[in-house]
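One-letter residues, chain by chain:
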Amino acid sequence: MNVIVIGGGAAGMMAALTAAKQGHHVTILERQARVGRKLMATGNGRCNLTNRHASPAHYHGQDANFCAYALEAFNVEATLEWFSSLGLVTITEDSGRVYPYSNMAGSVLDVLRFALEHPNITLVAGCVVTNIRHKNGLFTVTAEKDVFTADKVILAAGGAAGSKVGGVMDGYQLGKAMGHHRTALYPSLVQLKTDPTYPRALKGVKAEAAITIRRRSEVLAQGKGEVLFTEYGVSGPAIFELSRAAATGGEGLEVELDFLPDWSEEETLAWVAARQMQRGSQEAGTLLCGTLHSRLGQMLCKAAGYTAQPCDTLDEKALRRIARQLRHFTLPITGVCGFDQAQVTAGGLRTDEFDPTTMESKLVGGFYACGEVLDIDGDCGGYNLQWAWSSGHLAGLLK
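Scoring rules and cut-offs
- Once a new chain begins, its residue numbering starts again from 1 and follows that chain's sequence as written.
- A pLDDT threshold of at least 70 governs which residues receive local features in this predicted model, and a stricter bar of 80 or more applies before side-chain atom pairs are shown or counted, although totals over entire chains, interfaces and linings include all residues.
- Here the side-chain values reflect all heavy atoms present in the structure, with hydrogen atoms and water set aside.
- Any two strands between which DSSP finds at least two bridges are classified as paired.
- Numbering of helices and strands starts at the N terminus; helices are DSSP runs of H or I of at least 4 residues and strands are runs of E of at least 2.
- Expected span of a helix: the number of residues minus one, times 1.5 Å.
- Note on exposure labels: buried denotes an accessible area under 20% of the residue type's maximum, exposed denotes more than 50%, and partly exposed covers the range between, all computed with a 1.4 Å probe on protein chains only.
- Between Lys or Arg on one side and Asp or Glu on the other, a salt bridge is scored when a side-chain nitrogen of the former is within 4 Å of a carboxyl oxygen of the latter.
- Every residue pair with non-hydrogen atoms within 4.5 Å of one another is taken to be in contact.
- Residues forming no salt bridge and having over 30% relative accessible area are the ones grouped into patches, like charges within 9 Å of each other and nonpolar side chains (Val, Leu, Ile, Met, Phe, Trp, Tyr) within 5 Å.
- What sets the accessible areas is the Shrake-Rupley method with a 1.4 Å probe; for residues, cover comes only from the shown protein chains.
- To obtain an axis, a line is fitted to C-alpha atoms, over the contacting stretch when the element is a helix, and the angle between two such axes runs from 0 to 180 degrees between their N-to-C directions.
- Only a pair of cysteine sulfur atoms within 2.5 Å counts as a disulfide in this structure description.
- Here a Phe, Tyr or Trp ring, Trp counted by its six-membered ring, pairs with any other such ring whose centre lies within 6.5 Å, and the pair is stacked when the planes are under 30 degrees apart, edge-to-face when over 60, and tilted otherwise.
- Placement of a charge over a ring requires the Lys NZ or Arg CZ to be within 6 Å of the ring centre, with the centre-to-atom vector within 35 degrees of the ring normal.
- As used here, the term nonpolar core means buried Ala, Val, Leu, Ile, Met, Phe, Trp, Tyr and Cys residues forming a set that is joined through side-chain atoms within 4.5 Å.

Engineer: I'm lost on the sheet that holds strand β5 (residues 90–92) in this one. Help?
Structural biologist: On the basis of which strands lie adjacent, the open sheet formed by three strands has the order β3-β6-β5 and antiparallel pairing. Of all the strands in the sheet, just β3 (50–51) and β5 have a single pairing partner and so form its edges. Note: β5 against strand β6 (residues 97–100), three bridges, orientation antiparallel. The partner of T90 across the bridge, within β6, is P100.

Given below as structure tokens:
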């Protein structure tokens, strides 16, 4: 049987290798000059290829449970055994994140590229697919420079995120050509834009914090970890993990940062009061010196309304205001950065139009989809690549 896989990313490569192992003749059509370009950018170039804690709880979409069957059918252990059979050695961090032992994304891509040198696989790079037609049980796939035919087609064209490394809208348009529909698309695992007044002055400063994204009293998401201040807002791993809530949450959102999350409010106030006694006549902006990055400490005091005043002139009300900024530093969210900077797309082809046990379309027999093009996206930490491996493997079985 002849199979066309549209897209040579993580899901596409897995689907192609799985289909070839079943004895099918597979043609991969990849729009980039080489396969796996986006894979090289994952995990800051280290390639966080999966997470030991992968489960539906870490995924999102209109029906997040759509991913459950695929994640069980080709789970983390099966994925790592499969990569091991290709020669990849991995290491697992305490967080459950799995990386190649070399700490280089190139190691993951190398073993995949060598595996693609299979007699049943033909790779056509630099091939931009523009349309798909299905008639009399045969698929006709039209590209800019050629036309291909196949008995079955697997759509693994990825999402809109990461346009600099291959993210495009092609997959949604090709899905539409087959009668499929998509949900709204949002950038995810991306930086937040906020009122820049304070972040701009803190550009480059990193800090550990508990993070809450809220709309007034409504909490949309919470997390904890490293925050990086930028000229336009906040970034960093912990921000990425919560960015989906900000991207999809609408207007009127704020991000609140707690820089001493393990302390009580009383302990915080007592500590600030003790620092006041110690600082004496020094400027109020020095009050938090020794606890936070100096620029951040000064900025929190400024946000509370105190900078040049001598510490020993601050009354209890002033100390409470400073303590509150330490625990509840709040920035209005004005948006998120775009798809060009996002690591993943939230939204995609509607999963209720596909069979979760096969990845086959319910609308067109013989048409499959897998990976990011579907309305499934995972948390930060290897979950999205595990979805690519699991869904790609299931699609490649061509059940």
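Engineer: Sorry if this is basic, but what is going on with helix α11 (residues 383–396) here?
Structural biologist: Each full turn of the α-helix corresponds to 3.6 residues, which orients residues three or four apart in the same direction. The terminal C-alpha atoms of α11 lie 20 Å apart, and with 14 residues this matches the ideal 20 Å at 1.5 Å per residue to within 8%. Summarising burial for α11: 14 of the 14 residues are buried, a large majority. With its phi angle positive at about 50°, L398 sits one or two positions after the end of α11.

Engineer: I would appreciate a short explanation of the pattern of salt bridges in the present structure.
Structural biologist: Think of it this way: side chains of opposite charge can pair up when their charged atoms draw near. This model, assessed by the stated rule, comprises 13 salt bridges. Residue K38 pairs with E372 through a salt bridge whose shortest N-O separation is 3.0 Å. Residue K38 is located in the loop between β2 (25–30) and β3, and its partner E372 is located in the loop between β20 (367–369) and β21 (377–378); the two are separated by 334 residues in the primary sequence. Here E241 makes a salt bridge to R97, at a shortest N to O gap of 3.3 Å. Placement of E241 in helix α7 (residues 237–248) and of R97 in strand β6 is noted, with a sequence separation of 144 residues between them.

Engineer: Would you mind going over the side chain of E360 with me for this structure?
Structural biologist: Inspection of the secondary structure puts E360 in the loop between β19 (344–346) and β20. With sequence-adjacent residues up to four places away left out, E360 is seen in contact with E353, F354, D355, G365, G366, F367, Y368 and K399.

Engineer: Is there a simple way to explain a nonpolar patch on the surface in this structure?
Structural biologist: A surface patch of nonpolar side chains, about 320 Å² in accessible area, is lined by V89, I91 and Y101. Structurally, V89 is set in the loop between α3 (76–85) and β5. In this structure V89 comes out as exposed when scored by relative accessible area, which is 51%.

Engineer: I tried to follow the sheet that holds strand β10 (residues 147–150) on my own but got confused; where do I start?
Structural biologist: Sheet strands pair via backbone hydrogen bonds, and the direction of the pair is either parallel or antiparallel. Ordered in space as β8-β9-β10, the three strands form an open sheet in which the pairing is antiparallel. Strands at the two margins of the open sheet, each flanked by one partner only, are β8 (129–135) and β10. Geometrically, the sheet is characterised by an average inter-axis angle of 20° between neighbouring strands, direction not taken into account. Direction of pairing for strand β9 (residues 138–143) relative to β10: antiparallel, over a ladder of four bridges.

Engineer: How do you make sense of the state of the cysteines when you look at a structure like this?
Structural biologist: Where two cysteines share a covalent bond between their sulfur atoms, that bond is called a disulfide. Tallied over the entire structure, the rule returns zero disulfides. The cysteine C67 is free of any disulfide, with C370 supplying the nearest cysteine sulfur at 14 Å. The thiol of C289 is unpaired, and the distance to the nearest cysteine sulfur, on C301, comes to 10 Å. For C289, a relative accessible area of 46% gives the class partly exposed.

Engineer: Before we go on, may I ask you to explain the environment of L394 in this structure?
Structural biologist: Take L394: it is sitting in helix α11. Spatially, the C-alpha atom of L394 lies 7.5 Å from that of A15, the residues being 379 residues apart in sequence.

Engineer: What exactly am I supposed to notice about the packing of aromatic side chains here?
Structural biologist: Where two aromatic rings form a pair, the distance of their centres and the angle of their planes describe that pair. Tallying each qualifying case throughout the model produces seven aromatic pairs. Ring centres 6.3 Å apart and planes at 70° place the aromatic pair F66 and W387 in the edge-to-face group. With F66 in the loop between β4 (59–60) and α2 (68–73) and W387 in helix α11, this residue pair connects regions lying 321 residues apart in the sequence. By the burial criterion, F66 is buried, and W387 matches it. Ring centres of F83 and W389 lie 4.9 Å apart, and the angle between their planes is 75°; on these two criteria the pair is classed as edge-to-face. Linking F83 in helix α3 with W389 in helix α11, this pair joins segments that are 306 residues apart in sequence. Directly above the ring of Y99 sits R46, whose terminal nitrogen or CZ lies 3.7 Å from the centroid. When the ring centre of Y172 is taken as reference, the NZ or CZ atom of R182 above it lies at 6.0 Å.

Engineer: Teacher, can you tell me more about the nonpolar core here?
Structural biologist: Generally speaking, soluble globular proteins have nonpolar side chains that are buried together. In this structure, L39 and W389 are the most contacted members of the largest nonpolar core, which totals 76 residues. For this core, the leading source of residues is helix α1 (residues 10–21), giving nine residues. In this structure L39 touches A10, M13, C47, A105, V108, L109, L112, L385 and W389, once residues within four positions along its chain are discounted. Counting 51 residues, the second largest nonpolar core, distinct from the first, contains V234, A318, F329 and V336.

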